[in-house]
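# A look at the structure
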Amino acid sequence: MELAKKLIKVTVNGEPRELWIKQNITLLDLLRDHLGLTGAKMSCISNSCGACTVILDDMAVKSCSVLAMQVDGKEVLTVEGLAKDSKLHPLQQAFIEHVAFQCGFCTPGKLMSAKALLDENPQPTEEELRRDMEGNLCRCTGYQKYIEAIMDVAQHPDKYGAKEG
Amino acid sequence: MAEFRVVNKGIPRKDSIEKVTGQAKYTFDIVLPEMLYAKILRSPHAHARIVNIDTSKAEKLPGVKAVITGKDTQGMRFGFVDTPRYPCEQPVIAEDRVRFIGESVAAVAAVDEDTANEALDLIDIEYEPIPAVFDPEEAMKEGAPQIHGEQIPAPGRKCAWQDWGVARAARSYNPVNNIGASVNIGYGDSEKGFADADYIREDTWVVPRTNHAAMEPHGAVASYNPLTGFMDVWLSHMGYELKRYWISKTLGIPISKIRVRKTFVGGAFGGKAQVFDHEIIAPFLSRKTGKPVKLILPRDEVFTSTNNSIALKINVKKGVKKDGTIVGQHVKLISDMGAYRGSVPVCLFLCHSMRDAIYNIPNLTHEGVGAYTNKSTTMAKRGHGSQQMTTAIESQMDWIAEDLGLDPVEFRLKNLRRKGDVLPNRDTLNSYGLPDCVKKVVEASNWKEKRGKLGPGRGIGLAVSAMFNGSGYWPFTAGSIVRMNHDGTVTLYMGQAEFGQGPTTTTCQLVAEELGLNVEDINLVDGDSELCPIDYSNWLSGGMFVSCKAGLIAAQDLKQQILKIAAEMLEENVEDLEMLDRRVYIKADPEEGVAFDEILRYSIQRHDGDPLIGKGFCKPVPEIEFYPSLSKGSGRWTDAYSFTASVAEVSIDAETGRTKVEHIWIGDDCGREINTAICQGQLQSQAVMGMGDALFEEVMFSEGRTINANFVDYEIPRAFDVPKITTIDASDPDPNGPFGAKEIGECARAAVIGSIVNAVYDATKVKIMSLPLHPEKIFRGLAQKAEA
């Protein structure tokens, strides 16, 4: 059965958008299928792996488990919006220099979770960080280098360039 | 050897920018004009006859472009193993019967996913369930349901190994008592060994199926051009050769008209090596509709319908002298194979061969069988064979040491092989860092102060493992090209699949080291079957030793060409020249030299337009034409072995039986670390994956149905579970490795699992004979011990 489409207004990576969407699609579908932003990944579709994590009004959310209708009037930041003016975000730079990732599939989700955490709690302890990153599964790395990279950014905010906004 | 400039450094990955910005395109991210979406209907029965399939309602649904069943793919067979002895037997889509829950029975292509899903609901299938069997030992009994009950293969069908040049034709046979694989390897006389022994010990373990759980689900995008006959495919895979071979063989499209395009691959761990039904169905549907087709598996289908690791029952009898000399070993294996063979025949062989480079056992018998069961297929997972056997052998080693009053470290060291040893199959241990691995982890972990002395509920354990560096497998070679560019940079063409393990970065390092360049001076073209040479990829951890080495050889070839031209330009001898920073200079007078771009122009002008292209190739086990015998283990296996020793320290909560891994130390012999950061990452990865294997990972079945086919019920380690991990380089450079390097991606996992198992025993003195070490098993074991 064809569902009626509804209009939503949402700001994605700083760009205001108006989109007619089916009511049953998720935020992940919206980003990937309507906006061509494929950085957020589908992996588990059960809110348990974090590969689809994006930031919704300052909060890291799993976009596979948020209905697109729920983001009407809100702001979404995806991994594609993390670098500004051809300059990588300090977390991106730290991930590169620590060789934090391997296959890279979970990396966009990890970056967004880490950004939301550091924005709220700029100086987490390693335990706080590990607890906070529990929702972002990774099968390749054993997490160690991700944790080191994020801790490095937290402890040396200037090392990878000043943090934006 | 001189100091390295680029090799043996922890430099950033070549694919860094793509991976931190979301630009990296994985198969699921591919979108093509007019693309259709495909879905597969899967069997809800473990074993049933298909009486009738009615697709008429689905075909009439608006938006549906094609519906196919086993009638459309009639007679098409595929499998990981397709040898004269073991011809493959898996249909692309089930034909007259289904053999496991999750087997494909129909597929649909439609304009969008919702329509495709709706169409699946409209397909009516009449099944007639027949008795099923889920336990391999039940399956082998007289009178058990026969899962195949038909000739394998169909008469006249050529097996893959015949296509690849093996003269012997595939035997055609009807499996008896569901036995679909067997192995019988031996040397010396194990019975005589036991007769000479002062002490004999026999134990039996069960190792379950686990899931690879790569974060990217399996999937395929296929685009067929009916006018040219070319089929482009994008796959989540571990090497394009096997994939395009099977698509070609099943669909009858010439292999040169199938192009596996470069994609980023979101993890593999062995679970994306073989071809799958969906990777044949997507191109089939694309050819049928003339449109691109995307087919991505949801996570539950990854669990139920692709493959899991290989489950084994392992019986080991060992004879030992009082002084700790091992004199005999007899291994008996039973594999719960699943409905089709998967890689079980390989695994049964590897259970022996992966361990044969470790201990010197003069009298040995190694037997195994694989039985068909009504479950999904099982496959290689990161060091398969080694992973299962190491738990068994290494825990038994500890128990023997305990019974004989020997120190477990000394007992192991006493029985290790020696550098330079020639194994019974004639593999030579040209490098052998294992003793050093053991000594270094024992020292780093403060073993001597801790073993048996940590107090109640705490323990420390040691285990060792080995891994091949590639083996004889199609296409039996890896090729590579390094070409000079106008500005003196180079472009590297390599076929090996990059799925996170880092071969593209490390090969750039090899090339840069050889040519005096930096990694930034190298453009990379990789993972595309049309743009890159024929490539073996990374089977059995041959990535570094075979495929990456081909890149180094191509760089060496280019280097000689550059030096020859430069010598002519500078009027010097080649031996008196050196190269650095896109320039060749005279060793005795470094100010005198010519730049690479000048050398290229000179070559083009004075040497018939020669644009300077280096070629390299490398064959795994060059002495043999094809492959070792899986069933007899005869023939050379590999050119070098990597080694790991792992120590784990654990604490056990007596109230719950829950194990916490406190610290893992890994001593690893990978020959030479080419990228130190990537190597650390590989070891940390295996430490954490091995912890999951040891403590909680198990794919669970009820009457053939997977009951934990998602990441809520099937847990993998999370960031907070991770212990402290110390990695120690104990490398013994191999004379045949690129700059001495060997594999580092698979060896350690097995040792980590074994070390955790041994640490738990040290803490509890409870022998747990099955993985994983669930809290419940430990709790019950402790309770029984308290009662006794």
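Since this is a predicted model, take the numbers as computed values, not measurements.

Turning our attention to the overall build of chain B. Counting its secondary structure elements, chain B contains 20 helices and 30 strands. For chain B, whose C-alpha radius of gyration is 27 Å, the value lies close to the compact-globule estimate of 28 Å for 788 residues. The C-alpha extent of chain B, read off along each of the three principal axes, is 85 × 75 × 50 Å. Sorting the 788 residues of chain B into buried and exposed places 61% on the buried side.

The helix and strand inventory of chain A stands at five helices and five strands. Along chain A, from the amino end to the carboxyl end, the secondary structure elements read β-β-α-β-β-β-α-α-α-α. By the compact-globule yardstick of 15 Å for 165 residues, chain A fits well, its C-alpha radius of gyration being 16 Å. Its C-alpha atoms give chain A principal-axis dimensions of about 50 × 30 × 25 Å. By the burial criterion, 56% of the 165 residues in chain A qualify as buried. The long-range share in chain A, meaning contacts at least 24 apart out of those at least 6 apart in sequence, stands at 59%.

Residues and elements named next belong to chain B. Taken together, the five strands give an open sheet; going across it, the order is β9-β17-β16-β15-β10, and neighbouring strands pair in mixed fashion. Looking at which strands have only one partner, the edges of the open sheet turn out to be β9 (179–187) and β10 (199–207). Taking each pair of neighbouring strands and ignoring which way they run, the sheet shows an average axis angle of 5 degrees. Relative to strand β16 (residues 326–338), strand β15 (residues 311–320) runs antiparallel, the two sharing 10 bridges. Looking across to β16, one finds that L312 is bridged to S335.

Right, let's talk about the nonpolar core for a bit. All names here are of chain B. In this structure, A38, V511 and I756 are the most contacted members of the largest nonpolar core, which totals 299 residues. Tallying contributions element by element places helix α16 (residues 543–570) first for this core, with 14 residues. In this view, V511 contacts V482, V490, L492, I522, G551, L552 and A555; residues no more than four positions away in its chain are not counted.

Let us look at the sheet that holds strand β18 (residues 458–468) of chain B. Residue and element names in this part refer to chain B. Taken together, four strands build an open sheet; the order of strands is β18-β26-β27-β30 and the sheet is mixed. Each edge of the sheet is formed by a strand with only one pairing partner; in this case those strands are β18 and β30 (724–729). The mean inter-strand angle of the sheet, taken between neighbouring strand axes irrespective of direction, is 20 degrees. Bridge count for strand β27 (residues 658–669) against β30 is six bridges, and the pairing is parallel. Following the sheet pairing, I664 is matched in β30 by I725.

Moving on to the interface of chain A and chain B. Taken together, the contact pairs 43 residues of chain A with 45 residues of chain B. With four residues, helix α2 (residues 90–97) of chain A is the largest single contributor of residues to the side of chain A that touches chain B. Considered class by class, the residues forming the side of chain A that touches chain B number 23 nonpolar, 13 polar and seven charged.

It is worth spelling out helix α8 (residues 277–289) of chain B at this point. All names here are of chain B. Look at α8: 18 Å from first C-alpha to last across 13 residues, which is about the 18 Å you get at 1.5 Å a residue. Along α8, 11 of the 13 residues are buried, which leaves the element largely enclosed by surrounding structure. Among all positions of α8, only D277, H278, E279, I280, I281, A282, P283, F284, L285, S286 and R287 are buried. G290 sits one or two residues past α8 and shows a positive phi near 70 degrees.

All names here are of chain B. In terms of domains, chain B is made up of domain 1 (27–132 + 141–162 + 214–268 + 272–306), domain 2 (311–471 + 626–787) and domain 3 (477–618). For domain 2 and domain 3, the distance between their C-alpha centroids amounts to 38 Å. On the side of domain 3, 18 residues touch domain 2, which itself brings 19 residues to the contact. For the side of domain 2 that touches domain 3, the secondary structure elements donating two or more residues are β18 and α18 (676–695).

Buried accessible area, meaning the area lost when the parts come together, often serves as the stated size of an interface. Residue and element names in this part refer to chain A. When its domains are assigned, chain A resolves into domain 1 (5–80) and domain 2 (90–155). For domain 1 and domain 2, the distance between their C-alpha centres works out to 21 Å. With 14 residues of domain 1 in contact, the opposing surface of domain 2 contributes 13 residues. Among the elements of the structure, β3 (53–56) and β4 (59–62) are those that each provide at least two residues to the side of domain 1 that touches domain 2. Take the side of domain 1 that touches domain 2: its biggest share by element is three residues, from β3. Looking at the side of domain 1 that touches domain 2 residue by residue, the classes come out as nine nonpolar, three polar and two charged.

This paragraph deals with the packing of α2(A) against helix α3 (residues 107–120) of chain A. Residues and elements named next belong to chain A. Two elements in contact, α2 and α3, have axes whose closest approach is 10 Å; the angle formed by their N-to-C orientations is 130 degrees. Between α2 and α3, the crossing angle belongs to the class labelled oblique. Here α2 and α3 pass one another in a crossing that is right-handed. Contacts between α2 and α3 pair L91, Q92 and F95 from the former with T107, L111, A114 and K115 from the latter. Class assignment of the residues belonging to the contact of α2 with α3 gives a composition of four nonpolar, two polar and one charged.

Residue and element names in this part refer to chain B. Looking at chain direction, strand β22 (residues 577–579) and strand β23 (residues 583–586) are connected through three bridges and run antiparallel. Across the sheet, L577 pairs through a bridge with I586, a residue of β23. In textbook terms, the turn of a hairpin is the stretch between consecutive antiparallel strands, and for β22 and β23 this stretch comprises three residues, one of which, D581, has a positive phi near 50 degrees. Between β23 and strand β24 (residues 589–595), which pair antiparallel in sequence order, lie two residues.

With 14 residues, α3(A) should reach 20 Å at 1.5 Å per residue; the first-to-last C-alpha distance of 20 Å fits that figure. With respect to burial, α3(A) is a largely interior element, 11 of its 14 residues being buried. For α3(A), the complete set of buried residues consists of A:T107, A:P108, A:G109, A:K110, A:L111, A:M112, A:S113, A:A114, A:K115, A:A116 and A:L118. Contacts made by the buried residues of α3(A) are with β3, β4, α2 and α5 (144–155) of chain A together with α1 (16–21) of chain B.

To continue, consider the packing of helix α15 (residues 503–515) of chain B against α16(B). Residues and elements named next belong to chain B. Where α15 contacts α16, the two axes come as close as 9 Å, and the packing angle between them is 30 degrees. Looking at the two axes, α15 sits roughly parallel to α16. Crossing handedness for the pair α15 and α16: right-handed. For the pair α15 and α16, the contacting residues are P503, T506, T507, L510, V511, E514 and L515 in the first and G543, M544, S547, C548, G551, L552, A555, Q556, L558 and K559 in the second. Across the contact of α15 with α16, the residue classes break down as nine nonpolar, six polar and two charged.

Residues and elements named next belong to chain A. With respect to the element layout, K115 can be found in helix α3. We classify K115 as buried; it has 24 C-beta atoms within 10 Å. Separated by 46 residues in the primary sequence, K115 and G161 place their C-alpha atoms 15 Å from one another. The contacts of K115, once residues within four sequence positions are left out, are I55 and L91.

What follows covers the confidence of the model for chain B. Confidence along chain B averages 97 in pLDDT terms, with 100% of residues attaining 70 or more. Interface scoring of the predicted complex returns ipTM 0.97; its pTM is 0.97.

Glancing now at unusual backbone geometry. A negative phi holds for most residues other than glycine; trans holds for most peptide bonds. Residue and element names in this part refer to chain B. Omega for the peptide link from W474 to P475 comes to 5 degrees, which places this bond in the cis form. Tracing the backbone shows P475 in the loop between β18 and β19 (478–484). The amide bond that connects L771 to the next residue, P772, takes the cis arrangement and shows omega of -10 degrees. Relative to the helices and strands, P772 resides in the loop between α19 (747–764) and α20 (775–787). With phi around 60 degrees, F269 is a residue other than glycine that occupies positive phi space. Structurally, F269 can be placed in the loop between β13 (258–260) and α8. Even without being glycine, L540 reaches a positive phi, approximately 50 degrees. Among the secondary structure elements, L540 is positioned in the loop between β21 (522–526) and α16.

What counts, and where the lines are drawn
- Residues numbered from 1 in each chain as written.
- Chains lettered and ligands numbered in written order.
- Predicted model: local features only at pLDDT ≥ 70, side-chain atom pairs only at ≥ 80, totals over all residues.
- Helix = DSSP H or I, 4+ residues; strand = E, 2+ residues; numbered from the N terminus.
- Rg over C-alpha atoms; globule rule 2.2 N^0.38 Å.
- Buried ≥ 20, exposed ≤ 12 C-beta atoms within 10 Å, placed from the backbone.
- Contact = placed C-beta atoms within 7 Å.
- Pairing = 2+ DSSP bridges.
- Axes fitted to C-alpha atoms, helices over the stretch in contact; angles between N-to-C directions.
- Core = buried A, V, L, I, M, F, W, Y, C linked by C-beta atoms within 7 Å.
- Nonpolar A, V, L, I, M, F, W, Y, C, P; charged D, E, K, R; others polar.
- Expected span 1.5 Å × (residues − 1).
- Domains from an automatic or database assignment.
- Parallel < 35°, antiparallel > 145°, perpendicular 65-115°, else oblique.
- Left-handed = near helix turned anticlockwise from the far one by under 90°.
- pLDDT = per-residue confidence, 0-100.

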